[in-house]
Every structure is written in C-alpha cells, then in structure tokens.
Amino acid sequence: MSLHTETPHAAGLTGVWLVGARGSVATTAVAGCAALAAGLQPPTGLVTETPAFAGSGLPALSSLVFGGHDTSVAPLPKRAEELAAQGVLPHWLPAAVRAELAAADERIRPGGPQPGDERGPEELIAAFAADMAEFVRATGAARAVVVNVASTEPVPAAGALPASSLYAAAALKAGCAYVNFTPSAGLNHPELVAPAAASGLPYAGRDGKTGQTLLRAVLAPMFHQRALEVRAWSGTNLLGGGDGAALADPAAAAAKNAGKERVLADNLGSVPEGEVHIDDVPALGDWKTAWDHVAFDGFLGTRMVLQTIWQGCDSALAAPLVLDLARLVSRAHERGLSGPRPELGFYFKDPDGGSSALPEQYEALLAFGELLGESR
C-alpha cells in the first residue's frame with residue numbers, strides 16, 4: 001500500500017532517493033546531474049543522453065530532485081570537496097554546484113539499523129518508508145525511484161532481512177520504483193518476492209556493471225563466437241575507498257564475485273579455472289585497477305594469453321549509470337510498467353533475466369527505449 005499523500009505535483013519533478021546518499025557514487029551523481037543540467041559539462045557516459053533515447057519521454061536531468069538515507073553525517077558539499085581533491089570531480093565543480101548539493105543534503109535522513117537501535121524489521125521498514133513518502137510530499141515530485149548505492153553487504157544469514165532488503169521493502173511500502181546498483185540482497189530476498197510482484201512497481205538490478213565485468217561481457221562472447229577454448233580466466237581488483245573496505249570482508253567479496261562468474265558462465269557455457277581476488281588498497285581512494293589474465297587455446301591447440309588492465313574511477317564510471325537507471329525506471333513507472341525489467345540488464349552484472357552478452361543487452365535496452373516512448 002502506498003504511503004503517498006494527495007498533494008499537487010511540482011511540474012515534471014522526479015524524485016531520486018539514494019540509499020548511501022553521502023557515499024562517493026551518490027555524491028558524484030548529484031554533483032554531476034547539477035553540472036549537466038546547468039550545461040557546465042557534456043553528458044559523457046550517459047547512454048540516455050544519446051540520440052537513441054531522444055523520443056523515450058525520459059525525465060529531464062534538470063527535473064531530478066535528490067534525497068536519501070545514510071549513516072554518515074558528512075555533508076554532501078564537504079564530500080564533493082574531498083572527491084575533487086582526489087581528482088574524481090573537477091576541482092571547480094563543488095563550488096559551482098554547492099547550492100544543489102546543500103539542497104540534496106538537507107533531504108538526507110539517518111539510515112540504519114545502527115548500533116543500539118532496538119527497532120525490529122517492521123518498525124525500520126515503516127520508518128524508512130515514511131522518510132521516502134515525506135520526500136515525495138515535500139518536493140511535490142510526481143514519483144520517486146529508490147536507488148541502492150550503499151556499500152556491499154555480506155550474504156545474509158538464512159531468514160534474516162539485511163539493511164538493503166529493509167530499504168527495498170520500504171520502497172515498496174512507499175510506492176517507489178526500485179533499483180539495486182549493488183550486489184547486496186535488496187529485493188532479491190525470499191520474503192520480498194511476493195510483495196514485489198504484488199506492488200505493481202517496476203524494479204531492476206543488481207550490481208552495476210562498471211569495469212572488469214563490462215569487459216568480460218564483451219570479451220567472453222568473442223571467445224565463444226570464434227570457437228576459442230578458454231582454459232582459465234583469473235582476475236585481480238585493487239581498490240580503495242568505501243568499496244575497498246567493504247569488500248575486504250570475504251563474505252561481501254563473494255557476493256560481488258558471483259556476478260563476475262555469471263557473465264563467464266552464461267557466455268562460455270561453463271566457468272573456467274581461475275578466481276577474482278579483491279584487495280583493499282586505501283591509498284587508491286576512489287580509483288581502482290582491474291587486471292584479467294585469460295589463457296585460451298587456438299587452432300591446433302596453440303596456447304595463447306590475453307591480458308587486460310582497466311584503470312578507472314569507480315564513482316565516475318557508476319554515477320552516469322545511476323542517472324540513466326533512475327530516468328529509465330521512473331519513465332517505466334509513469335508508463336504503468338511493473339515487475340523486474342530484464343531490458344535493463346545492460347547495466348548489471350546479475351540482471352533480471354535476458355542475455356549476459358553486452359551487444360544483445362544493448363539491443364534490448366534500445367527496444368525498451370522505444371517502448372517507453374510509445375503513447376499508451
């Protein structure tokens with residue numbers, strides 16, 4: 001049941017509620033959206049700003065309003081300054097969009113559960129849902145999308161509702177569409193399958209595909225289509241920041257790596273030898289290096305190797321995808337579409353069905369854009 005109250009909707013406003021709203025990805029998304037809306041930077045990395053989506057009826061970047069939950073108390077303007085000092089954001093950007101960052105920061109509410117919080121799951125879900133509904137009411141937005149960009153959780157114990165699932169349940173209760181950009185459980189929990197199906201809301205996930213797995217989604221089909229036998233595929237990730245610290249936990253790393261393995265299994269027909277290792281290197285900050293070593297057999301058994309190195313800024317890779325997904329899922333909600341959206345698998349390591357090959361995923365995304373643009 002929706003918690004929305006009847007209120008006049010501000011013209012064209014769309015709410016984006018970020019779980020992990022003061023993290024690096026969220027801060028980059030909010031600052032980046034403000035910069036693009038003001039024409040301060042080109043929309044590099046936003047697929048939804050390409051000509052293919054001009055007729056899809058997506059909400060304008062200038063119409064997005066942000067809020068969210070976080071356990072951190074560091075204000076967004078300060079977080080943006082820290083990211084600029086690391087080279088994640090242009091050095092001049094935090095000052096240029098300070099008003100927009102401050103406005104979003106005022107809409108961030110305390111997340112949880114935090115140490116000492118004795119509220120049970122139902123109380124937490126109700127509290128989170130009330131925050132989301134109040135955000136919609138106060139901004140006058142026509143609708144809102146809840147996007148989980150928090151740190152990766154360990155795989156939950158059987159029967160337990162982890163924080164990501166509490167927020168996902170709250171999104172359903174508040175009548176908000178939902179996107180899980182993390183490997184955490186979110187809506188992908190046995191207790192939420194039925195409520196999600198009954199909600200009439202669109203949702204998508206999980207685990208944003210920004211670097212190493214993006215390459216795997218391109219390279220694995222190449223080996224398969226050229227009949228080259230992959231004998232082993234090993235990888236290493238070096239990263240710092242919040243993700244590096246979170247993924248130092250083997251249980252959280254296991255959740256992250258499951259999506260990487262799925263891409264290989266889907267495209268090669270089996271999982272080759274080799275593992276992905278994730279190393280926390282705090283000195284790297286928000287930057288990461290991903291190295292892959294692929295051993296394969298060619299004609300007459302000739303043994304060969306492909307090595308790739310991906311060096312990038314995690315937040316700058318993820319933020320445009322978050323904005324894309326918020327716009328696409330919001331438009332799907334407006335069009336009355338519901339349930340999991342496999343058409344958005346282009347963005348995820350562990351999507352809601354469909355192919356794991358990037359070219360096929362892109363074609364499905366383009367078709368979805370055309371569907372969104374059709375008049376009802």
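In this text the structure is predicted, and so the values were computed from the model without any measurement.

1. Section: the sheet that holds strand E9 (residues 287–297)
- Pairing is mixed in the open sheet, where four strands are placed in the order E8-E7-E9-E10. Whereas interior strands pair on both sides, the edge strands pair on one side only; in this sheet they are strand E8 (276–280) and strand E10 (303–313). Averaged over neighbouring strand pairs, the angle between their axes works out to 10° when direction is ignored.
- Relative to strand E7 (residues 229–239), helix H8 (residues 212–225) is tilted by about 170°, and along the sheet it contacts E7, E8, E9 and E10.
- Sitting on the sheet, helix H11 (residues 314–334) is in contact with E9 and E10, with an inclination near 80° to E10.

2. What to know about the nonpolar core
- Leu-18, Phe-66, Leu-344 and Tyr-347 are the most contacted members of the largest nonpolar core, which has 60 residues in total.
- Sorting elements by how many residues they give to this core places H11 first, with ten residues.
- With sequence-adjacent residues up to four places away left out, Leu-18 is seen in contact with Ala-26, Val-30, Phe-66, Gly-67, Gly-68, His-69, Val-147, Val-149 and Val-322.
- Formed by 29 residues, the second largest nonpolar core is a distinct cluster that contains Val-19, Phe-135, Ala-168 and Leu-172.

3. Side note on the pattern of salt bridges
- On inspection of all chains with the given rule, the structure shows 16 salt bridges.
- In this structure, Arg-137 and Glu-134 form a salt bridge, with 2.6 Å as the shortest nitrogen-oxygen distance. Here Arg-137 pairs with Glu-134, and both are found in helix H5 (residues 121–139), just three residues apart, close to one helical turn.
- You can call Glu-134 partly exposed: its relative accessible area is 36%.

4. What to know about the sheet that holds strand E4 (residues 143–148)
- Read across the sheet, seven strands follow the order E3-E2-E1-E4-E5-E6-E11 without closing on themselves; strand pairing throughout is parallel. Each of the sheet's edge strands pairs with one partner strand only, and the pair in question is strand E3 (108–110) and strand E11 (339–340).
- Across six bridges, strand E1 (residues 14–19) lies against strand E2 (residues 64–70) in parallel orientation. Bridge assignment links Trp-17 to a residue of E2, and that residue is Gly-67.

5. A closer look at the confidence of the model for the chain
- Scored by pLDDT, the chain has a mean of 91; 91% of the residues are at 70 or more.
- When the criterion is pLDDT under 50, residues 1–10 qualifies, and its contacts beyond four places in sequence or with other chains add up to 20 contacts.

6. Some points on helix H4 (residues 98–106)
- Restricting attention to buried positions, one finds in H4 the residues Leu-101, Ala-104 and Asp-105. When H4 is viewed along its axis, its buried side chains cluster within an angular range of 100° and face the same direction. The exposed residues of H4 that point more than 90 degrees off its buried face are Ala-99 and Glu-106.

7. Observations concerning H8
- With 14 residues, H8 extends 20 Å from end C-alpha to end C-alpha; this agrees with the ideal 20 Å at 1.5 Å per step.
- Buried within H8 are the following residues: Gln-212, Thr-213, Arg-216, Ala-217, Leu-219, Ala-220, Pro-221 and Phe-223.
- Positive backbone phi, at 60°, marks Ala-227, one or two positions downstream of H8.

8. So, the packing of aromatic side chains
- Scanning the entire structure with this criterion turns up six aromatic pairs.
- With centroids separated by 5.0 Å and ring planes inclined at 55°, the aromatic side chains of Trp-17 and Phe-135 adopt a geometry described as tilted. In this pair, Trp-17 sits in strand E1 while Phe-135 sits in helix H5, placing the two residues 118 residues apart along the sequence.
- On the basis of relative accessible area, Phe-135 is assigned to the buried category, the value being 5%.
- Seen in terms of ring centroids, Phe-128 and Tyr-167 are 4.4 Å apart; in terms of plane orientation they differ by 20°. Their pairing is stacked. Placement of the pair is Phe-128 in helix H5 and Tyr-167 in helix H6 (residues 163–174), with a sequence separation of 39 residues.
- Taking relative accessible area as the criterion, Tyr-167 reaches 8% and is therefore assigned buried.
- Linked through ring pairs, Phe-223, Trp-233 and Phe-296 together constitute an aromatic cluster.

9. Concerning the environment of Gly-285
- Position of Gly-285 among the secondary structure elements: in the loop between E8 and E9.
- Since its relative accessible area comes to 15%, Gly-285 is described here as buried.
- Sequence separation between Gly-285 and Pro-195 is 90 residues, and the spatial gap between their C-alpha atoms is 38 Å.

10. A few points about the environment of Leu-83
- One can find Leu-83 in helix H2 (residues 76–85).
- Counting along the chain gives 187 residues from Leu-83 to Ser-270, while the straight-line C-alpha distance between them is 40 Å.
- Sequence-distant contacts of Leu-83, defined by excluding residues within four places in its chain, comprise Ser-24, Thr-27, Thr-28, Val-88 and Leu-89.

11. Things to note about the packing of helix H1 (residues 24–37) against H11
- Direction vectors running N to C along H1 and H11 enclose 65°, while the axes themselves pass 8 Å from each other. Here H1 and H11 pass one another in a crossing that is right-handed. Contacts between H1 and H11 involve Ser-24, Val-25, Thr-28, Ala-29 and Cys-33 from the former and Ser-315, Ala-316, Ala-318, Ala-319, Val-322 and Leu-323 from the latter.
- Residue composition of the contact of H1 with H11, grouped by class: eight nonpolar, three polar and no charged.

Procedures and definitions
- Residues numbered from 1 in each chain as written.
- Predicted model: local features only at pLDDT ≥ 70, side-chain atom pairs only at ≥ 80, totals over all residues.
- Heavy atoms only, no water.
- Pairing = 2+ DSSP bridges.
- Helix = DSSP H or I, 4+ residues; strand = E, 2+ residues; numbered from the N terminus.
- Axes fitted to C-alpha atoms, helices over the stretch in contact; angles between N-to-C directions.
- Contact = heavy atoms within 4.5 Å.
- Core = buried A, V, L, I, M, F, W, Y, C linked by side-chain atoms within 4.5 Å.
- Buried < 20%, exposed > 50% of the residue type's maximum accessible area, 1.4 Å probe, protein only.
- Salt bridge = Lys/Arg side-chain N within 4 Å of Asp/Glu carboxyl O.
- pLDDT = per-residue confidence, 0-100.
- Arc of directions from axis to C-beta.
- Expected span 1.5 Å × (residues − 1).
- Phe/Tyr/Trp six-rings, centres within 6.5 Å; stacked < 30°, edge-to-face > 60°.
- Left-handed = near helix turned anticlockwise from the far one by under 90°.
- Nonpolar A, V, L, I, M, F, W, Y, C, P; charged D, E, K, R; others polar.

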